Amino acid sequence: MTYVVLENCIKCKYMDCVEVCPVDCFYEGENMLVIHPDECIDCGVCEPECPAEAILPDTDPASESVMDLNKKWADIWPNITRMGEKPADADEWNGVGNKLQDHFSEKPGDTG
Ligand code: SF4
Ligand code: SF4
C-alpha cells in the first residue's frame, strides 16, 4: 500500500505534504512532486494537507493512472524534505484539466 500524487499537483506544487511526511518519501520534479511507493508507510497524514487534493491512497481507482508515474520519477528526481516557495500562480492552476499531457516536466526540482 502507498499513497500517490495525482496530476493536479502539476504547477500547483504547494509542498505542504512534504512537511508532514514522517519518512521523507516525496521526490521533486520541476513542477510537481511524487511519492516513492516503496518508501511510503501508508500513514495518510499528507492527504488532507494538500490544498490541491492531489494525494490519494492506491486503494482509490483514481490513483491507478499515476502509479507508474510516481514509481518512475521517484527513482529519478531528488528527494525533498522541506517546503520551498510555492509557484506564484499555483492557485490559478488548481483544477486545470489535462495537466499531465500539456504541462508535465521531466526536469528535476531543486528545493532539496
Ligand atoms: S501539497 Fe499537493 S499540490 Fe502541493 S506538492 Fe504536495 S501533492 Fe503537490
Ligand atoms: S502517506 Fe504518510 S508516508 Fe506516505 S507519503 Fe503520505 S505522509 Fe508520507
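Residues numbered from 1 in each chain as written. Chains lettered and ligands numbered in written order. Predicted model: local features only at pLDDT ≥ 70, side-chain atom pairs only at ≥ 80, totals over all residues.

- The chain carries the name Ferredoxin in an unreviewed UniProt entry, which gives Kiloniella litopenaei as its organism.
- According to its UniProt record, the chain has this under Function (unreviewed entry): "Ferredoxins are iron-sulfur proteins that transfer electrons in a wide variety of metabolic reactions." (UniProt positions renumbered as here; feature names shortened; annotations may be inferred.)

## Section: the overall build of the chain
Right, so step 1: In terms of regular secondary structure, the chain is built from four helices and four strands.
Right, so step 2: Shown N-terminal to C-terminal, the secondary structure of the chain runs as helices and strands in the order β-α-β-β-β-α-α-α.
Right, so step 3: Taken over C-alpha atoms, the radius of gyration comes to 12 Å for the chain, in line with the 13 Å a tight globule of 112 residues would show.
Right, so step 4: Taking the principal axes of the C-alpha coordinates as reference, the chain spans close to 30 × 30 × 25 Å.
Right, so step 5: For the chain, long-range pairs separated by at least 24 residues make up 82% of all intrachain contacts whose partners lie at least 6 apart in sequence. (Helix = DSSP H or I, 4+ residues; strand = E, 2+ residues; numbered from the N terminus. Rg over C-alpha atoms; globule rule 2.2 N^0.38 Å. Contact = placed C-beta atoms within 7 Å.)

## Describing the site of ligand 1
Right, so step 1: In the vicinity of ligand 1, 13 residues are found, and the nearest of them are C9, Y14, C17, C50 and A52.
Right, so step 2: For the shell around ligand 1, the residue count by class is 11 nonpolar, no polar and two charged. (Near = placed C-beta within 6 Å. Nonpolar A, V, L, I, M, F, W, Y, C, P; charged D, E, K, R; others polar.)

## Thoughts on the site of ligand 2
Right, so step 1: Around ligand 2, the structure places 13 residues, and the nearest of them are Y3, C21, C40, C43 and C46.
Right, so step 2: Here the residues of the shell around ligand 2 are counted per class, giving 11 nonpolar, one polar and one charged.

## Digging into the environment of N94
Right, so step 1: Along the chain, the position of N94 falls in the loop between helix 3 (90-93) and helix 4 (99-103).
Right, so step 2: In sequence terms N94 and P78 are 16 residues apart; their C-alpha atoms lie 24 Å from each other.
Right, so step 3: When neighbours within four sequence positions are excluded, N94 is seen to be in contact with N8, C12 and A52.

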